[in-house]
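# Notes for the structure review
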Amino acid sequence: GSAEAAAGSDEPSSKRFKKEESAGPMENDIPDSHVEQMSQVRNELQPSRKKTVKAAAAAAPSADELKTAFAENADSKSWHKSSCKAIAAIASHGTYVATGGKDKQVIVYDSEKKVVLHSFSVAGTSLLDMNEKHVVVAHGSSKITLLDYSSGSTVGTYSIDDGDVVDVRLHPTKAHIVAAVSTGAILLLGIGDDDISLISTFTKPSSTTYTSGVMQPDGFIYLVGTTEGSIDLWDFQNKRFAGCMGKGDDSGAVTD
């Protein structure tokens, strides 16, 4: 199964998910100031969301363009090392592409200008997400690092005490990072000028093992896949675990 299709729906969450009786407030509440920031961004995005998504999709490099870029730069010192070309993770934003390689490098490439913008030393990359300024990296199973590819600097790293990071996203506010951890925890991190820090950690009333995640484009709904084949819905606006879909269907773990 996949959480991607559910995240793209415009239907209200109440129509797509049955709210569980056990659903309750998040373990550590999100401060109202952060929810207000999310709400403001959502209101700005909603009128043009579909147009923006289509425009971004049109501007993103095609599969053939990416293949060409890799072929042209495979042996370049500015690309991943020729002795270890394997790519572990990839993300894109407009014409920019970020790749995490087995050579312990995260590289940001401009597919329009056909140049490497920056190369960062990050070992064990497993997940990437990016926007017009930042790349967020899950690496070494339990670390989240934020890179600023506009300046070529590392903003900061946050280490998870327990479990593996199975999904990491840059929030539309551009001031937050959301991550899902295998132990069933959801993390909300804040982006500072020179660090990233934990704002809230929240979990379901019952234990769950998470395997994947995806965020709705407006940033208020976060869908997380489980090993049981269900998809959990987290509602940031109302600060609640809102319910789950597909529980008990024995369809296997949900992946991206």
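Report follows, based on the coordinates. Being a predicted model, the structure only gives us computed values, none of them experimental.

Before going further, it helps to spend a moment on the overall build of the protein. Along its length, the protein carries five helices and 16 strands. In the protein, which comprises 256 residues, the share counted as buried stands at 47%. Counted over contacts in the protein with a minimum sequence separation of 6, partners at least 24 positions apart contribute 48%. As displayed, the protein has an accessible area near 12,300 Å², and 47% of this comes from carbon and sulfur atoms.

What follows concerns the sheet that holds strand E13 (residues 210-215). Spatial ordering of the open sheet is given by E13-E14-E15-E16, a layout of four strands whose pairing is antiparallel. Across the chains shown, the open sheet's two edge strands, defined by having one partner strand only, are E13 and strand E16 (240-245). Recorded for the sheet is a direction-independent mean angle of 25° between the axes of neighbouring strands.

The next thing to look at is unusual backbone geometry. Its identity is not glycine, yet Lys104 carries a phi of approximately 65°, on the positive side. Along the chain, the position of Lys104 falls in the loop between strand E2 (96-101) and strand E3 (105-110).

A word on the sheet that holds strand E6 (residues 134-139). A sheet is described by the order of its strands in space; here four strands give the open sequence E5-E6-E7-E8, paired in antiparallel fashion. Of all strands in the sheet, those bounded by a partner on one side alone are strand E5 (125-130) and strand E8 (153-159). On average, each strand axis in the sheet is tilted by 20° relative to the strand beside it, whichever way the strands run. Pairing between E6 and strand E7 (residues 143-148): six bridges, direction antiparallel. By the bridge assignment, His139 is partnered in E7 with Lys143.

Bringing the nonpolar core into the picture now. With 19 residues, the main nonpolar core has Ile144, Leu146, Val165, Val168, Ile177 and Ile196 as its most contacted residues. Those elements that provide at least two residues to this core are E6, E7, E8, strand E9 (165-170), strand E10 (176-181) and strand E11 (185-191). With four residues, E11 is the largest single contributor of residues to this core. Setting aside chain neighbours within four positions, we find Val165 in contact with Leu127, Ala138, Ser141, Ser142, Ile144, Ile160, Ala179 and Ala180.

Turning our eyes to something else, we now look at the pairing of E7. Burial within E7 is extensive, with five of its six residues counted as buried. Remark: three residues form the turn of the hairpin made by E6 and E7, two consecutive strands paired antiparallel; Gly140 in that turn has positive phi of roughly 60°. Here E7 runs beside E8; their pairing, made up of six bridges, is antiparallel. If you follow Leu146 over to E8, its bridge partner there is Gly156. Between E7 and E8, which follow one another and run antiparallel, lie four residues, and Gly152 among them has a positive phi close to 80°.

Let's shift gears to helix H3 (residues 32-45). Note that an α-helix has 3.6 residues per turn; residues three or four places apart therefore point the same way. Spanning 14 residues, H3 covers 20 Å between terminal C-alpha atoms, matching the ideal 20 Å at 1.5 Å per step. Along H3, the positions that sit buried rather than exposed are His34, Val35, Met38, Val41 and Arg42. Angularly, the buried residues of H3 cover 125° about the axis, an arc narrow enough to put them on a single face. Considering only its buried residues, H3 is in contact with E10, E11 and strand E12 (196-203).

With that settled, the discussion passes to the pattern of salt bridges. Overall, the coordinates contain four salt bridges when judged by the stated rule. For Asp32, the salt bridge goes to Lys239, with nearest N and O atoms at 2.4 Å. Of the two residues, Asp32 sits in helix H3 while Lys239 sits in the loop between strand E15 (231-235) and E16, which places them 207 residues apart along the sequence. Taking relative accessible area as the criterion, Asp32 reaches 49% and is therefore assigned partly exposed. Residue Asp167 is joined to Arg169 by a salt bridge in which the shortest nitrogen-to-oxygen separation is 3.0 Å. Asp167 gets classed as buried once you look at its relative accessible area, which sits at 2%. A residue is classified by how much of its surface remains accessible, and Arg169, at 18% relative accessible area, is buried.

Reading the values: rules and limits
Residues numbered from 1 in each chain as written. Predicted model: local features only at pLDDT ≥ 70, side-chain atom pairs only at ≥ 80, totals over all residues. Heavy atoms only, no water. Helix = DSSP H or I, 4+ residues; strand = E, 2+ residues; numbered from the N terminus. Buried < 20%, exposed > 50% of the residue type's maximum accessible area, 1.4 Å probe, protein only. Contact = heavy atoms within 4.5 Å. Areas by Shrake-Rupley, 256 points an atom, 1.4 Å probe, with all protein chains shown as cover. Pairing = 2+ DSSP bridges. Axes fitted to C-alpha atoms, helices over the stretch in contact; angles between N-to-C directions. Core = buried A, V, L, I, M, F, W, Y, C linked by side-chain atoms within 4.5 Å. Expected span 1.5 Å × (residues − 1). Arc of directions from axis to C-beta. Salt bridge = Lys/Arg side-chain N within 4 Å of Asp/Glu carboxyl O.

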